[in-house]
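Examining the three-dimensional arrangement
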Amino acid sequence: MIWKKWIRDFLKIKFLYNNNGSEQNKKFKELFDEFKSSNEYRSRKEQSKFVPFARKIINETLKSSNLTNEKLTSFVNIFSPDCRVKNFKKYINECIQGEDLREKFISKFISLDKEKIKGYTRPAVRTITYLTPEDLFYVKDMLIEAMKVKNVEEAREIVDRFSAKGIKRFLHHVYSPWLQYKSYFSNYK
């Protein structure tokens, strides 16, 4: 894929031109301009329309008093790129309180589905059944904190604090797409 080549080239340039920022920036801009003309970039740009929708689902879910394994299972399935309307209807019921609000989410999902706009990544797991109430508290706290992130260092600190909790079998490949949906960094144009 061209984006993998782009990243590899960028890292190579970063090492080669470490002491010459202007040359590095020029080459980076050239590579990024090349990447922006790729199908991969256009696909990701189009897919970014899903971010505000996912963020609203997470925010509404976090408003409820308890985060549960079932709600996290719903996230996994709702935010999957292969989620279908039937499954969305099933899982949104777990996350969203109030029939009117659920219907708005269902309607929006159907509209995004028609445009073939879905979540970012295939899930590493389909069901989450193993988190304790304490684990779920830490997950909820991490998702709430992600909303306040202003830079990469803050994001890293949140993930490091969460990782230090040592929650087994709930690793970054499960929650990292949710952080993308929740964070400041998903507001790019």
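Scoring rules and cut-offs
- Numbers given to residues run from 1 along each chain, matching the order in which its sequence is written.
- Predicted model: local features are reported for residues with pLDDT of at least 70 only, side-chain atom pairs are reported and counted for 80 or more only, and whole-chain, interface and lining totals are derived from all residues.
- For side-chain calculations, the full set of non-hydrogen atoms in the structure is used, while hydrogens and water are omitted.
- The helix and strand labels rest on DSSP assignments: H or I over at least four residues marks a helix, E over at least two residues marks a strand, and numbering proceeds from the N terminus.
- Burial classification: accessible surface area is computed with a 1.4 Å probe over protein chains only, and a residue below 20% of its type maximum counts as buried, one above 50% as exposed, and the rest as partly exposed.
- A contact between two residues is defined here by any heavy atoms of the two lying within 4.5 Å.
- Residue burial considers only the protein chains on display, and all accessible areas are found by Shrake-Rupley using a 1.4 Å probe.
- Grouping buried Ala, Val, Leu, Ile, Met, Phe, Trp, Tyr and Cys residues that are joined through side-chain atoms within 4.5 Å yields what is termed a nonpolar core.
- As used here, the arc belongs to the directions running from the helix axis to the C-beta atoms.
- Counted as salt bridges are all cases of a side-chain nitrogen of Lys or Arg within 4 Å of a carboxyl oxygen of Asp or Glu.
- A helix is expected to span 1.5 Å for every residue after the first.
- To obtain an axis, a line is fitted to C-alpha atoms, over the contacting stretch when the element is a helix, and the angle between two such axes runs from 0 to 180 degrees between their N-to-C directions.
- Reported orientations rely on four angle classes, namely roughly parallel under 35 degrees, roughly antiparallel over 145, roughly perpendicular from 65 to 115, and oblique for the rest.
- Working rule for handedness: look at the near helix, and if it is turned counterclockwise from the far one by less than a right angle, call the crossing left-handed; if clockwise, right-handed.
- Under the scheme applied here, ten amino acids are nonpolar (Ala, Val, Leu, Ile, Met, Phe, Trp, Tyr, Cys and Pro), four are charged (Asp, Glu, Lys and Arg), and all others, including Gly, are polar.
- On a scale of 0 to 100, pLDDT captures the predictor's confidence in every residue.
- Ring pairs shown here join Phe, Tyr and Trp side chains whose ring centres sit within 6.5 Å, with only the six-membered ring taken for Trp; geometry is labelled stacked below 30 degrees between planes, edge-to-face above 60, and tilted in between.
- In this scheme, the term charge over a ring applies when either NZ of a lysine or CZ of an arginine sits within 6 Å of the ring centre and within 35 degrees of the ring normal.

1. What about the overall build of the chain?
In terms of regular secondary structure, the chain is built from 10 helices and 0 strands. Listing every helix and strand of the chain by position from the N terminus yields α-α-α-α-α-α-α-α-α-α. Every one of the 189 residues in the chain was classed for burial, and the buried ones make up 38%. In the chain, the share of contacts with a sequence separation of at least 24, taken over all contacts with a separation of at least 6, comes to 72%. Just so you have it, the chain exposes about 11600 Å², and 53% of that area is on carbon and sulfur atoms.

2. Quick notes on the nonpolar core
Ranked by size, the top nonpolar core spans 35 residues in total, and within it Ile57, Leu72, Phe88, Leu131 and Phe170 carry the most contacts. Listed by contribution, the elements that provide at least two residues to this core are α4 (50–63), α5 (69–78), α6 (85–95), α7 (99–114), α8 (133–146) and α9 (152–164). Among the elements that make up this core, the one with the highest residue count is α4 (6 residues).

3. So, helix α3 (residues 39–47)
Among the residues making up α3, those that are buried are Glu40, Tyr41 and Gln47. Relative to the axis of α3, the buried residues are bounded by an arc of 130° and lie together on one face.

4. Thoughts on the pattern of salt bridges
All chains considered together, the criterion is met by 4 salt bridges. Between Lys49 and Glu115 there is a salt bridge, and its shortest N-O distance comes to 4.0 Å. Of this pair, Lys49 sits in the loop between α3 and α4 while Glu115 sits in the loop between α7 and α8; the two residues are 66 residues apart in sequence, bridging distant segments of the chain. Residue classification places Lys49 among the partly exposed residues on the basis of a relative accessible area of 42%. For Lys118, the salt bridge goes to Asp113, with nearest N and O atoms at 2.7 Å. By relative accessible area, which is 8% here, Lys118 ends up buried. Overall, Asp113 belongs to the partly exposed group, its relative accessible area being 23%.

5. Overview of α4
The end-to-end C-alpha distance of α4, which contains 14 residues, comes to 20 Å, matching closely the 20 Å that a straight helix rising 1.5 Å per residue would cover. Along α4, the residues that are buried comprise Phe50, Val51, Phe53, Ala54, Arg55, Ile57, Ile58, Thr61 and Leu62.

6. So, the packing of α6 against α7
Remark: α6 packs on α7, axes separated minimally by 10 Å, with the N-to-C direction vectors making an angle of 155°. One way to sum up the angle between α6 and α7 is to call them roughly antiparallel. As α6 packs across α7, the resulting crossing turns out to be right-handed. Side by side, α6 and α7 meet where Val85, Phe88, Lys89, Ile92 and Asn93 of the first sit next to Arg102, Phe105, Ile106, Phe109, Ile110 and Asp113 of the second. Class assignment for the residues of the contact of α6 with α7 results in 7 nonpolar, 1 polar and 3 charged.

7. Focus: the confidence of the model for the chain
Confidence in the prediction of the chain, expressed as mean pLDDT, is 79, and 75% of residues score 70 or more. Per-element confidence in the chain is highest for α7, whose mean pLDDT is 95, and lowest for helix α1 (residues 2–16), whose mean pLDDT is 50. In the predicted structure, residues 14–19 sits below a pLDDT of 50 and forms 3 contacts with residues beyond four places in sequence or in another chain. A low-confidence stretch, residues 184–189 (pLDDT under 50), is modelled with 20 contacts involving residues beyond four sequence positions or located in other chains.

8. Observations concerning the packing of aromatic side chains
If you walk through the whole model with that rule in mind, you get 8 aromatic pairs. A connected cluster of aromatic rings, assembled from ring pairs, spans Phe50, Phe53, Phe75, Phe79, Phe88, Phe105 and Phe109. Between the NZ or CZ atom of Lys165 and the centre of the ring of Tyr138, over which it lies, the distance is 4.5 Å.

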